[in-house]
Amino acid sequence: MLFNTPLFFLFFAGFFLLHAFVFRGRQPRLWLILVGSLVFYAGWNYRFIPLLLFSGCADYVLARAIARTDRPVQKKRLLSLSLFVNLGVLAVFKYSDFALASVADLLSALGQEPSWPTLQVVLPVGISFYTFQSLSYTIDVYRGDTEARHSLLTFLAALSFFPQLVAGPILRARQLLPQLESLPSPTWAGAKHGFALFTLGLFKKTLADLLASSVGLAFDGPRVSVLETWTGVLAFAAQIYGDFSGYTDMALGLALLLGFRLPENFRLPYLATSPVDFWRRWHVSLSTWLRDYLYISLGGNRHHRSRNIMITMALGGLWHGAAWTFVAWGIFHGCLLVATHRLAELPFVERVRSRAGRWLRPLQWALTLYLVLLGWVLFRSSDLTTAWDLFGTLHGAHAAAQPASVAPWLLVFVVFASVTMHLVDWVQLRFGDAIEARGWLFWPLVFLFQLFCFLVGAPSDAFIYFQF
Amino acid sequence: MTPSSTSSSELDGRYQTLEPGRRRRVDLGIALACVLVFGSVAGTHHLLAGLLDFNGRPAGLLEHLPQLASDHRDRQKVVVFGSSMTQAAFEPALFDARLDELGLDVVSYNHGVGNLNPEYQEILSRRIREALEQEDETLALTLVELTPFQATLTRSEFTAFTRDQNHALLMTTSELCDVALEDPDRGARLLTIRHVRNGLSAELLTSLPGILYGALSNRDPSPPPELRALEERRREARSRFEALLPAGTSLDTDGWNAGLRGGRLDRARLSAKARTALEDWGAVPANPARMRADLQRRVDQGDILELHFDETQVQAFISLVKNLASVSDTIEVILLPQNTDWVRHGPQARARLDAVLTRITAETGVRVRDLQHDSRFTPRQFVDTTHLSVQEGAETFTTILAEIHADTLRRASDARY
């Protein structure tokens, strides 16, 4: 049940009416949120509802136990158990086949003939999101950053809250639990903002779908020219941004219509002027999660910073999918982050920066974008050999000699779509309040954007990030 | 700039706990805004889709089915069912006239619809069968075109984007509800396409850039002057002929012409000048660059030379033959003439096609008539690599078809009366 499908519209209409007009009081509304969210989840695969509830119940019980005990050793044991449960669930459902296949590949390379079968485990949708979310709760309770909740219902409703359930943003306990405890009311201004975010999210998602065939040009077909390969890589960069940030905006908008605030997840990432800056703007809820719960736990900036960054980014890459391409993508970004930090420490670089000032920024932006695009090649390629081949093609090696005659037009379309996605975000951030305050401008814009999406939207395409 | 669309500072003023009365007013406002926005969007889309009229021919054919069953009950009915190749090649008026000359009273229909793979044709065949069964009517003769490249894996993959559109258009509401019970997401989508989107799926438009890119990529962007001149001559010749067409007639292949029972032309109604213009148009040779690009498109989108068949499509074709056989006195599968200058199957493709034909005959008991290499058809009679031309090809094909089946229809007529 994707946000841009008719079935979801029906579901949300029913849910909203019940939430707003039928279920009164905190308890009934919490039950409605929990049951509604499980129905939403069942839209993908009802068989995995027990797994979701198991994760939630386990962390609820463990967090309560952590809060009750005063013994640090006991607290640590309970936290370890929570880590074991959550990471164990991820290991079984997401990484078991990958691990088996990797070991088999390794043995084959060593001349052995492994004959074990893969488990063919079905990946439960959203598992990476909700296990991280659930895990962060017990860690927060362990660290004393949040209180263990008494109400299992509230905790499960927060964990399964449908706007963010399957593709984030990854919420912390302190972000949503207090809201579910107080159940805030939507205001008209908040609702208009929700409409705006939902509409812009849908618009970006629609543009992302339009780019799908251009992406295939570079990644899924025979070798093409340099120009077409760059077009495909650019298209993927725009597609994944439109798809994921579009989904997040829709999630934020839907939550706002119900009265809940979810944190932002993207901040115009392709305007970043360094890899560090990029990770402050891209999938913010994941990067801050990794920073707070992994990087800092490894030692953060205090000691072995480069090692910590590399481990964090490699695991961050693996979080995206059980494949070596994702790990390589994480390591690639880890290298970029380490290199950026190291360069920033050089006196020469500091001198250049202070002298060149703002004139250096376009160059920094272009270089960052170039590196991020190279990263997307690793992310999107089916395997590392293909990625390596594409790196060569992008730089003129073994490309098809001539691009198709219409290739430049395709590039224009891809660039236009990419710029448009960022432009609407920028306008929303810069002028959103002013536009929302003027109903005569706001509602026609909502209508036009929605009409565009309804006309050309591709409801059968899945969101790319659901697979993570 | 603070790039924070939903930062706390911005939203703090937007959220507070309201007393129940005020909250209800806000909730009502949200509900009303949803209804108005989505209602006006859906209404405008409905209107635009109606104007675009993407489903002109299949929708027109579906609308006509009750008449197919109820009209001309005293005459022998012939249906030629197939793809755009049938649509281009078969002229009901000419067919009826030729059989009339042979002393047979026949009314024929062109049920050729473009862009429908056997999977979708099968659904359409159900609608035809139901319409006839409802009126307890049968067809004297049904000819079912098998278009080999429409039943290939490549074709199935390429046309996947039309699946929802075709299912939503061709299925009955009851069938759509069955889909919804099995897969609520898809069912809701199909019902929306049918009832809210006015039969126009989003994928149809969304896929256009990719298709356009593929099509344009196969074209020579700067053809030599002589080919450009040739194209210009063809365009002018066509325009001259179109200007002389009788009222209510059009070469447009998108719609359903009820007066011509699905055909494009009634040659008997053409003036002498129009006939000359048609001949002049036919005399302009084909543009080899355009033919090459067309062949490449058919290879890319339909595997026309290698013919790796899709089991689902083959099975669907067998089902559709059975559907139509149940309401036909005589039924035959035909392979339309092939433009042998461009489309030549190698031994492996031929073997694959033969295997499919053998299977069709074995499973349906229906005879297959192969006109692919019939010497009465020449490459000159084709408008592209697959479709017979309106100038010569359609006339030859229709006449030959009438002559081939005259005896069958005569026997059926004798038996009937």
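Residues numbered from 1 in each chain as written. Chains lettered and ligands numbered in written order. Predicted model: local features only at pLDDT ≥ 70, side-chain atom pairs only at ≥ 80, totals over all residues.

Draft legend 1. Spotlight on the overall build of chain B. For chain B, the helix and strand inventory stands at 18 helices and five strands. By principal-axis analysis of the C-alpha atoms, chain B measures approximately 85 × 60 × 50 Å. Put simply, chain B has 417 residues, and 40% of those count as buried. Excluding contacts between residues fewer than 6 apart, the proportion of contacts in chain B whose partners are at least 24 apart in sequence is 85%. (Helix = DSSP H or I, 4+ residues; strand = E, 2+ residues; numbered from the N terminus. Buried ≥ 20, exposed ≤ 12 C-beta atoms within 10 Å, placed from the backbone. Contact = placed C-beta atoms within 7 Å.)

Draft legend 2. How the structure looks around helix α15 (residues 324-345) of chain A. Residue and element names in this part refer to chain A. With 22 residues, α15 extends 31 Å between its outermost C-alpha atoms, agreeing within 8% with the 32 Å of an ideal straight helix rising 1.5 Å per residue. For α15, the set of buried residues is Thr-325, Phe-326, Val-327, Ala-328, Trp-329, Gly-330, Phe-332, His-333, Gly-334, Leu-336, Leu-337 and Thr-340. As for α15, its buried residues are in contact with α12 (275-281), α14 (305-320), α17 (361-380) and α18 (384-394). (Expected span 1.5 Å × (residues − 1).)

Draft legend 3. Layout of the sheet that holds strand β5 (residues 367-370) of chain B. Residue and element names in this part refer to chain B. Pairing in this open sheet of five strands is parallel, and the strands run β2-β1-β3-β4-β5 from one edge to the other. Edge positions in the open sheet fall to β2 (106-112) and β5, since each of these has one partner strand only. The mean inter-strand angle of the sheet, taken between neighbouring strand axes irrespective of direction, is 20 degrees. Across four bridges, the pairing between strand β1 (residues 76-82) and strand β3 (residues 139-145) is parallel. (Pairing = 2+ DSSP bridges. Axes fitted to C-alpha atoms, helices over the stretch in contact; angles between N-to-C directions.)

Draft legend 4. Spatial organisation of the nonpolar core. Among the nonpolar cores identified, the biggest contains 198 residues, and Leu211(A), Ala238(A), Val321(B) and Leu324(B) are the most heavily contacted of them. For this core, the element with the most residues is helix α11 (residues 226-258) of chain A, which contributes 18 residues. Setting aside anything within four residues of it in sequence, one finds Ala238(A) in contact with Ala208(A), Leu211(A), Val414(A), Ala417(A), Ser418(A) and Met421(A). Membership of the second largest hydrophobic core comes to five residues, among which are Phe241(B), Ala274(B), Leu278(B) and Trp281(B). (Core = buried A, V, L, I, M, F, W, Y, C linked by C-beta atoms within 7 Å.)

Draft legend 5. Region of interest: the environment of Thr399(B). Within the fold, Thr399(B) resides in helix α18 (residues 393-416). The contacts of Thr399(B), once residues within four sequence positions are left out, are Leu94(B) and Arg98(B).

Draft legend 6. Focus on unusual backbone geometry. All names here are of chain A. Phi at Leu-268 takes a positive value of approximately 45 degrees, unusual for a residue other than glycine. Tracing the backbone shows Leu-268 in the loop between α11 and α12. By C-beta crowding, Leu-268 is classed as partly exposed, having 19 other C-beta atoms within 10 Å.

Draft legend 7. Representation of the pairing of strand β4 (residues 328-335) of chain B within the structure. Residue and element names in this part refer to chain B. When β3 meets β4, the two strands line up parallel, connected through six bridges. Residue Leu-139 lies in a different strand from β4, and its bridge partner there is Ser-328. Bridge analysis of β4 against β5 gives four bridges, and the strand direction is parallel. Bridge pairing in β5 links Leu-335 to Asp-370. Taking the sense of rotation as the criterion, the β-α-β connection linking β4, helix α17 (residues 347-364) and β5 turns out right-handed. (Right-handed = clockwise from strand over helix to strand, strands pointing away.)

Draft legend 8. Quick look at the packing of helix α8 (residues 163-170) of chain B against helix α10 (residues 184-195) of chain B. Residues and elements named next belong to chain B. Remark: α8 packs on α10, axes separated minimally by 8 Å, with the N-to-C direction vectors making an angle of 65 degrees. The angle between α8 and α10 falls in the class roughly perpendicular. Between α8 and α10 lies a crossing of right-handed hand. Residues Asp-164, Gln-165, His-167 and Ala-168 of α8 form the contact with α10, whose participating residues are Arg-189, Leu-190, Ile-193 and Arg-194. A per-class count over the contact of α8 with α10 returns three nonpolar, two polar and three charged. (Parallel < 35°, antiparallel > 145°, perpendicular 65-115°, else oblique. Left-handed = near helix turned anticlockwise from the far one by under 90°. Nonpolar A, V, L, I, M, F, W, Y, C, P; charged D, E, K, R; others polar.)

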